[in-house]
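Geometric and topological summary
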Amino acid sequence: MVVDREHVSVNGRKRPQPPQMSHREVADELRARIRGRVLQPGQRMPTQAQLAEEFGVDRGTVRQALRILQQERLLTNVSKGSPATVAPAPDRAPAGPGAPPQPTTVALAPRIAAAFAAPHVAIDAICLTSISLTLSMGEPLRRIHAGELKPAKVDVRVLLPSRDIDLAFPAPVDPADADRLHERWLAMRNAQGQVLQHNLLALRSTHGIDVQVSFRALPFTPPVKLYLVNGSEALFAYYTLRRREQEIDDEQLQLYDAEGTRSMLFAFEQGAGPRDAAFVEQSHLWFNALWETISSELVLTN
């Protein structure tokens, strides 16, 4: 019998071999290479045999990993016969004329993650509570902590409704419930803003990144949500109201509200033609005008 000497200890006993990677672990490693641009859009992947040898797994495990990345739209042409290809512009949904809108929870996170690959990240947002923006920061923060990304500078500006106004929505069906509903919204606005601010500012001490996070208050309820990303992209969605029920203080209240995380997000890119370029430019002008004129200082406390 031939014994593999790399796995034999000094006393002659066979050492346990390291566990084989799972197909999900292989997929995680390849995904990191694609998102980190080690594997470029349009580039041919190594063959399945080469990947199997590199990771010390069988080809079936490699095929399962590649199928996962194909389902995530990071790879194309996944088959047994030829190497797969890195999909065009991974981490981004299509934008420009003809691109289909997607729910905010689907469309925003990958665009924010892609933005953090730039040396200077600049994100401006107008929204009701910043829940979607806070959630979308999870992936870029994870990749920064993993050492996959390190922007030199991050600037985030957020416009939110003032605590001192009567919100157009969420609004109670019964006006007697207005104060309780307003307090609930205010607590949510402040909590989400504090989490966003804390997570980003922590990058200063943990990774030496120059981070600025600023909030200002609007004297009105924004009927739309808008995200401006790195000066080149505008993501726009309508807040669509519906009547629903919500529990507050152990009581079910009827209210008119919009679920912002489900709002359909339309993407406009600077380089996608005159129409998109004009929309991005005007969106920046609108945001800056609000920031510099009628908005006021916002403190994230109840």
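Note that the coordinates shown come from a computational prediction; the quantities given were computed from them, not determined experimentally.

1. Notes on the overall build of the protein
Check the secondary structure of the protein and you find 8 helices and 13 strands. Evaluated residue by residue, the protein yields a buried proportion of 43% over its 302 residues. Excluding contacts between residues fewer than 6 apart, the proportion of contacts in the protein whose partners are at least 24 apart in sequence is 71%. Accessible surface, the protein: about 15,900 Å² in total, of which carbon and sulfur atoms supply 51%.

2. Thoughts on the sheet that holds strand β11 (residues 251–257)
On the basis of which strands lie adjacent, the open sheet formed by 3 strands has the order β6-β11-β10 and antiparallel pairing. Strand pairing shows two members of the sheet lacking a second neighbour, β6 (171–172) and β10 (242–248), which therefore form its edges. By the bridge criterion, 7 bridges tie β10 to β11 in an arrangement that is antiparallel. Paired with Arg243 across the two strands is Tyr256, which belongs to β11. Sitting on the sheet, helix α7 (residues 178–207) touches β6, β10 and β11, and the angle it makes with β10 is about 85 degrees.

3. Concerning the nonpolar core
In this structure, Phe116, Leu133, Met137 and Leu200 are the most contacted members of the largest nonpolar core, which totals 42 residues. Broken down by element, this core gets its largest block of residues, 5 residues, from α7. Leave out the neighbours within four places in its chain, and Met137 touches Ile112, Phe116, Ile123, Val156, Leu196 and Leu200. Core analysis: the next-biggest nonpolar cluster, separate from the first, contains 20 residues, Ile34, Met45, Leu66 and Leu69 among them.

4. Notes on helix α3 (residues 59–71)
Between its terminal C-alpha atoms α3 stretches 18 Å, which fits the 18 Å expected from 13 residues at 1.5 Å a residue. For α3, every residue scored as buried is listed here: Thr61, Val62, Ala65, Leu66, Ile68 and Leu69. Viewed along the axis of α3, the buried residues span an arc of 155 degrees, placing them on a single side of the element. By the N-cap criterion, in which a side-chain oxygen at the helix start approaches the backbone nitrogen of a residue two or three places on, α3 is capped by Asp58, the distance to Gly60 being 3.1 Å. Arg73, located one to two residues past α3, shows a positive phi value of around 65 degrees.

5. Some details on the side chain of Ser263
Structurally, the position occupied by Ser263 is in the loop between β11 and β12 (264–269). Here the side chain of Ser263 touches Tyr238 through a polar contact of 3.2 Å, landing on its backbone oxygen. In contact with Ser263, not counting residues within four places along its chain, are Gln102, Pro103, Thr104, Lys225, Ala237, Tyr238 and Tyr239.

6. Some words on the pattern of salt bridges
In total, this model carries 14 salt bridges according to the counting rule given. For the salt bridge of Glu233 with Arg111, the shortest nitrogen-to-oxygen distance reads 2.7 Å. You can see Glu233 sitting in strand β9 (residues 233–238) and its partner Arg111 sitting in helix α4 (residues 104–115), a full 122 residues away along the chain. Neither Glu233 nor Arg111 differs from the other in exposure class; each is buried. Here Arg244 makes a salt bridge to Asp257, at a shortest N to O gap of 2.8 Å. Here Asp257 lies in strand β11 and Arg244 lies in strand β10, a separation of 13 residues in the sequence. Across this residue pair, the class does not change: Arg244 and Asp257 are buried. Each of Glu29, Arg33 and Glu54 takes part in a single network of salt bridges with overlapping partners.

7. Quick look at α7
The first and last C-alpha atoms of α7 sit 44 Å apart over 30 residues, in line with the 44 Å expected at 1.5 Å per residue. All of the buried residues along α7 are Leu181, Trp185, Leu186, Arg189, Asn190, Gly193, Leu196, Leu200, Leu203 and His207.

8. Things to note about the pairing of strand β8 (residues 224–229)
For β8, the tally of buried residues reaches 6 of 6 residues, placing the bulk of the element in the interior. Here β8 pairs with β9 via 6 bridges, running antiparallel. Counted as the bridge partner of Lys225 is Ala237 from β9. Between β8 and β9, which follow one another and run antiparallel, lie 3 residues, and Asn230 among them has a positive phi close to 50 degrees.

9. Quick word on a negative patch on the surface
On the surface, a cluster of negative charge is made up of Asp179, Glu183, Glu247, Asp249 and Asp250. Locating Asp249 in the fold gives a position in the loop between β10 and β11.

10. Some thoughts on the packing of aromatic side chains
Taken as a whole and judged by the stated rule, the model has 5 aromatic pairs. Both rings, one in Phe236 and one in Tyr238, keep their centres 5.0 Å apart while their planes meet at 85 degrees; by these two values the pair is edge-to-face. Geometrically, the ring pair formed by Phe268 and Phe279 is stacked, given 4.0 Å between the ring centres and 20 degrees between the ring planes. Here Phe279 lies in helix α8 (residues 274–292) and Phe268 lies in strand β12, a separation of 11 residues in the sequence.

Rules used throughout
Residues numbered from 1 in each chain as written. Predicted model: local features only at pLDDT ≥ 70, side-chain atom pairs only at ≥ 80, totals over all residues. Heavy atoms only, no water. Helix = DSSP H or I, 4+ residues; strand = E, 2+ residues; numbered from the N terminus. Buried < 20%, exposed > 50% of the residue type's maximum accessible area, 1.4 Å probe, protein only. Contact = heavy atoms within 4.5 Å. Areas by Shrake-Rupley, 256 points an atom, 1.4 Å probe, with all protein chains shown as cover. Pairing = 2+ DSSP bridges. Axes fitted to C-alpha atoms, helices over the stretch in contact; angles between N-to-C directions. Core = buried A, V, L, I, M, F, W, Y, C linked by side-chain atoms within 4.5 Å. Expected span 1.5 Å × (residues − 1). Arc of directions from axis to C-beta. Polar contact = N/O pair within 3.5 Å; in protein donor to acceptor, adjacent residues only side chain to side chain. Salt bridge = Lys/Arg side-chain N within 4 Å of Asp/Glu carboxyl O. Patch = residues over 30% accessible without salt bridge, like charges linked within 9 Å, V, L, I, M, F, W, Y side chains within 5 Å. Lys, Arg positive; Asp, Glu negative; His and termini not counted. Charge placed at Lys NZ, Arg CZ, Asp CG, Glu CD. Phe/Tyr/Trp six-rings, centres within 6.5 Å; stacked < 30°, edge-to-face > 60°.

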